[in-house]
Amino acid sequence: MNLKAIVGVPVGFVGAADSKEALHNSDIPNIIVEGPKGGTPIAVACVNSLIQHL
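Small disclaimer: the values here were computed from a predicted structure and weren't measured.

Trainee: Help me understand the side chain of lysine 20 in this model?
Mentor: Its location among the elements puts lysine 20 in helix H1 (residues 16-24). Although lysine 20 is buried, it makes no salt bridge; glutamate 34 carries the closest opposite charge, 9.0 Å away. Not counting chain neighbours up to four residues away, the residues in contact with lysine 20 comprise Gly8, Pro10, Ile32, Val33, Gly35 and Lys37.

Trainee: Can you help me understand H1 in this one?
Mentor: Note that an α-helix has 3.6 residues per turn; residues three or four places apart therefore point the same way. Buried within H1 we find Ala16, Lys20 and Leu23. Taken end-on, H1 shows its buried residues confined to a sector of 60°, consistent with a single buried face. Exposed side of H1, more than 90 degrees from the buried face: Ala17 and Asp18 are the residues found there. Buried residues in H1 make contact with strand E1 (6-8) and strand E2 (30-32).

Reading the values: rules and limits
- Residues numbered from 1 in each chain as written.
- Predicted model: local features only at pLDDT ≥ 70, side-chain atom pairs only at ≥ 80, totals over all residues.
- Heavy atoms only, no water.
- Helix = DSSP H or I, 4+ residues; strand = E, 2+ residues; numbered from the N terminus.
- Buried < 20%, exposed > 50% of the residue type's maximum accessible area, 1.4 Å probe, protein only.
- Lys, Arg positive; Asp, Glu negative; His and termini not counted.
- Salt bridge = Lys/Arg side-chain N within 4 Å of Asp/Glu carboxyl O.
- Contact = heavy atoms within 4.5 Å.
- Arc of directions from axis to C-beta.

It is worth stressing that arrangement in space is one thing and function is another; only the former is reported here.
Next comes the structure, spelled out in structure tokens:
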């Protein structure tokens, strides 16, 4: 199994909203969060959830 996706959950740095919007509008499978929340804990939670559902 070779699944690829991007977990786009940056903390609210300058350009973070634009980066998340660009990812959302791309053809790349992704997980993003709306608003300023993000960072390592959110990314880890997303990846752990994906692993549990395989």
